[in-house]
Amino acid sequence: MNFVEELRWRGMLHDMMPGTEELLAKEQVTAYIGFDPTADSLHIGHLCSVMILRHFQRCGHKPMALIGGATGMIGDPSGKSAERNLLTEEILQRNLDGMKKQLSKFLDFESDAPNRAELVNNYDWMKNFTFLDFAREVGKHITVNYMMAKDSVKKRLNGEARDGLSFTEFTYQLLQGYDFLHLYETKGCKLQMGGSDQWGNITTGAELIRRTNGGEVFALTSPLITKADGGKFGKTESGNIWLDPRYTSPYKFYQFWLNVSDADAARYIKIFTSLSREEIEALTAEHEAAPHLRVLQKRLAKEVTIMVHSEEDYNAAVDASNILFGNATSDALKKLDEDTLLAVFEGVPQFEVSKDAVSAGVKAVDLFTDNAAVFASKGEMRKLVQGGGVSLNKEKLEAFDQVITSADLLDEKYLLVQRGKKNYYLIIAK
């Protein structure tokens, strides 16, 4: 499998140095991508880079994930308009552990294969590097004029940022450049990859290697992922979509991919899955023949949810979706954990009632009119119940004066009332 061709048809290739493709055809190449350890989880903004490493390994080459334990203490100015907070060693270590665990789902770190993945942390080779040594061994090789010409620096100095650019951030490209030099000398790494905003930092590393020991290395970047409407990819109203289920539940994760536009689904299924070209072309044709069935979105959501979480989580997310949009049973509702239940019914009207009142037993007609205003009047509720139009926890309410007790509570706390087909109300007993 040709790595560059693979990226090209998937829309994952933005730029590369001349000679990169020839190098990859000639030998097994070691390449790395850097990840900033600003959190203990990756988010879907990192996922394109992770997939590039995954394809790289599938093509027989050796991928390295570099966690920026040292550079994370400074912050990369590329694409930023303000300096980020500096991290402590303790927080960095926690973040490193979380990211390694996630990367292991995508890359083979454990086998005896010659191209098994490696995880490296630049803090390991920077922690004992004194400022004077760095200035002598690295700083003297790259001129300020060269560094000032980089777009990431020019943008910050041309008034786009209120606070300008600190010396700390200005040195970032030298630190990242030294990473490339160190990995070239110690690991035989000849290729650095990353997002298109990293081109300046990557080429600084290549220049540093050329000037220090005459070595020739290469660079390859991917386009920054955006939505078809120009909006920022991976952000929702509630923030990032994380790979860690503690921050984004598998249900919400699944829903994010399920709800992308047709144009985005056609691009994302190439970028964020390992499906073959033939499979994707067949799915695209099927989708175009019947867009209302959302074939691309459903397959995209399935592939990414299973890859990041598990098949079990995917099945649970589908079941949870059917509760709101399909004909799910009471049993399916009872299987939901509290986080998923709240995620599924986020945005539906909610009412709080006394848990003591429910425990003592209360008639449905009183609970759903006096305690929680699901119905405007008892007469309205009686009519709807008699017509079979009211459900409690996905089971038809047989009698309007049926007694509700704590035995009816989901997770010992919730009641789900459904009025007609689409009107849901969540009652919380406290």
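These figures come from a predicted structure and were not determined experimentally. (Residues numbered from 1 in each chain as written. Predicted model: local features only at pLDDT ≥ 70, side-chain atom pairs only at ≥ 80, totals over all residues. Heavy atoms only, no water.)

## Some points on the UniProt feature "domain: Tyrosine--tRNA ligase SYY-like C-terminal" (unreviewed entry) in the chain
Taking the UniProt record as the reference, the feature "domain: Tyrosine--tRNA ligase SYY-like C-terminal" (unreviewed entry) is found at residues 343–427. Between the C-alpha atoms that bound residues 343–427 there is a distance of 15 Å. The span itself is 29% helix and 28% strand. (UniProt positions renumbered as here; feature names shortened; annotations may be inferred. Helix = DSSP H or I, 4+ residues; strand = E, 2+ residues; numbered from the N terminus.)

## Notes on the pattern of salt bridges
Under the definition given, this model contains 21 salt bridges. Residue glutamate 27 pairs with lysine 190 through a salt bridge whose shortest N-O separation is 3.1 Å. In this pair, glutamate 27 sits in the loop between helix H2 (20–26) and strand E2 (30–35) while lysine 190 sits in the loop between helix H10 (172–187) and strand E5 (191–195), placing the two residues 163 residues apart along the sequence. The class of lysine 190 is partly exposed, set by a relative accessible area of 26%. One salt-bridge network, held together by shared partners, links Asp40, Arg94, Asp244 and Arg246. (Salt bridge = Lys/Arg side-chain N within 4 Å of Asp/Glu carboxyl O. Buried < 20%, exposed > 50% of the residue type's maximum accessible area, 1.4 Å probe, protein only.)

## A few points about the pairing of strand E15 (residues 423–429)
When you tally the buried positions in E15, you get six out of seven residues, the bulk of the element. Counted between consecutive antiparallel strands, the loop separating strand E14 (residues 414–419) from E15 contains three residues, among which glycine 420 sits at a positive phi close to 75 degrees. (Pairing = 2+ DSSP bridges.)

## Points about the sheet that holds strand E12 (residues 395–396)
Strand order in the open sheet formed by five strands is E9-E15-E14-E11-E12, and the pairing between neighbours is mixed. What marks the edges here is a single partner per strand, and that holds for strand E9 (350–353) and E12.

## What about helix H15 (residues 295–308)?
For H15, built from 14 residues, the straight-helix expectation of 20 Å at 1.5 Å per residue is met to within 8% by its first-to-last C-alpha distance of 20 Å. Within H15 the residues assigned to the buried category are Val295, Leu296, Gln297, Leu300, Ala301, Val304, Thr305, Met307 and Val308. Buried residues in H15 make contact with helix H3 (47–58), helix H12 (250–258), helix H13 (262–271), helix H14 (277–289) and helix H16 (311–325). (Expected span 1.5 Å × (residues − 1). Contact = heavy atoms within 4.5 Å.)

## Quick notes on the domain arrangement of the chain
With domains assigned, the chain is organised as domain 1 (3–222), domain 2 (249–325) and domain 3 (330–429). Summarising the inter-unit geometry, the C-alpha centres of domain 1 and domain 2 are found 30 Å apart. Both faces considered, domain 1 and domain 2 share a buried interface measuring about 1300 Å² in area, 65% of it formed by carbon and sulfur atoms. Summed over the three residues of domain 1 that lose the most area to domain 2, namely Trp9, Arg10 and Ile44, the buried surface amounts to 47% of that side. On inspection of domain 1 and its partner domain 2, the count reaches zero salt bridges. Taken together, the links from domain 1 to domain 2 amount to five residue pairs in polar contact (both at pLDDT 80 or more). Per-element tally for the side of domain 1 that touches domain 2: the top contributor is H3, with six residues. When grouped by side-chain class, the residues that make up the side of domain 1 that touches domain 2 number seven nonpolar, two polar and four charged. (Domains from an automatic or database assignment. Buried area = accessible area lost by both parts, 1.4 Å probe. Polar contact = N/O pair within 3.5 Å; in protein donor to acceptor, adjacent residues only side chain to side chain. Nonpolar A, V, L, I, M, F, W, Y, C, P; charged D, E, K, R; others polar.)

## Looking at a negative patch on the surface
Together, Asp337, Asp339, Asp411 and Glu412 line one region of the surface with negative charge. Tracing the backbone through its elements, the reader meets glutamate 412 in the loop between strand E13 (403–404) and E14. For glutamate 412, a relative accessible area of 61% corresponds to the exposed category. (Patch = residues over 30% accessible without salt bridge, like charges linked within 9 Å, V, L, I, M, F, W, Y side chains within 5 Å. Areas by Shrake-Rupley, 256 points an atom, 1.4 Å probe, with all protein chains shown as cover. Lys, Arg positive; Asp, Glu negative; His and termini not counted. Charge placed at Lys NZ, Arg CZ, Asp CG, Glu CD.)

## Some thoughts on the packing of H12 against H16
Closest axis-to-axis distance for the H12/H16 pair is 9 Å, and the angle between their directions is 75 degrees. Judged on the interaxial angle alone, H16 and H12 are roughly perpendicular. Mapping the contact onto sequence places Pro250, Tyr251, Tyr254 and Gln255 in H12 and Asp313, Tyr314, Ala317, Val318, Ala320 and Ser321 in H16. (Axes fitted to C-alpha atoms, helices over the stretch in contact; angles between N-to-C directions. Parallel < 35°, antiparallel > 145°, perpendicular 65-115°, else oblique.)

## Let's talk about a nonpolar patch on the surface
Taken together, Phe131, Leu132 and Phe167 make up a surface patch of nonpolar side chains, about 400 Å² in accessible area. Note on placement: phenylalanine 167 falls in helix H9 (residues 167–170).

## Quick word on unusual backbone geometry
Although it is not a glycine, arginine 294 sits at a positive phi angle of roughly 55 degrees. Residue arginine 294 is classed as partly exposed on the basis of its relative accessible area, which comes to 28%. The backbone of aspartate 411 sits at a positive phi, close to 55 degrees, despite the residue not being glycine.

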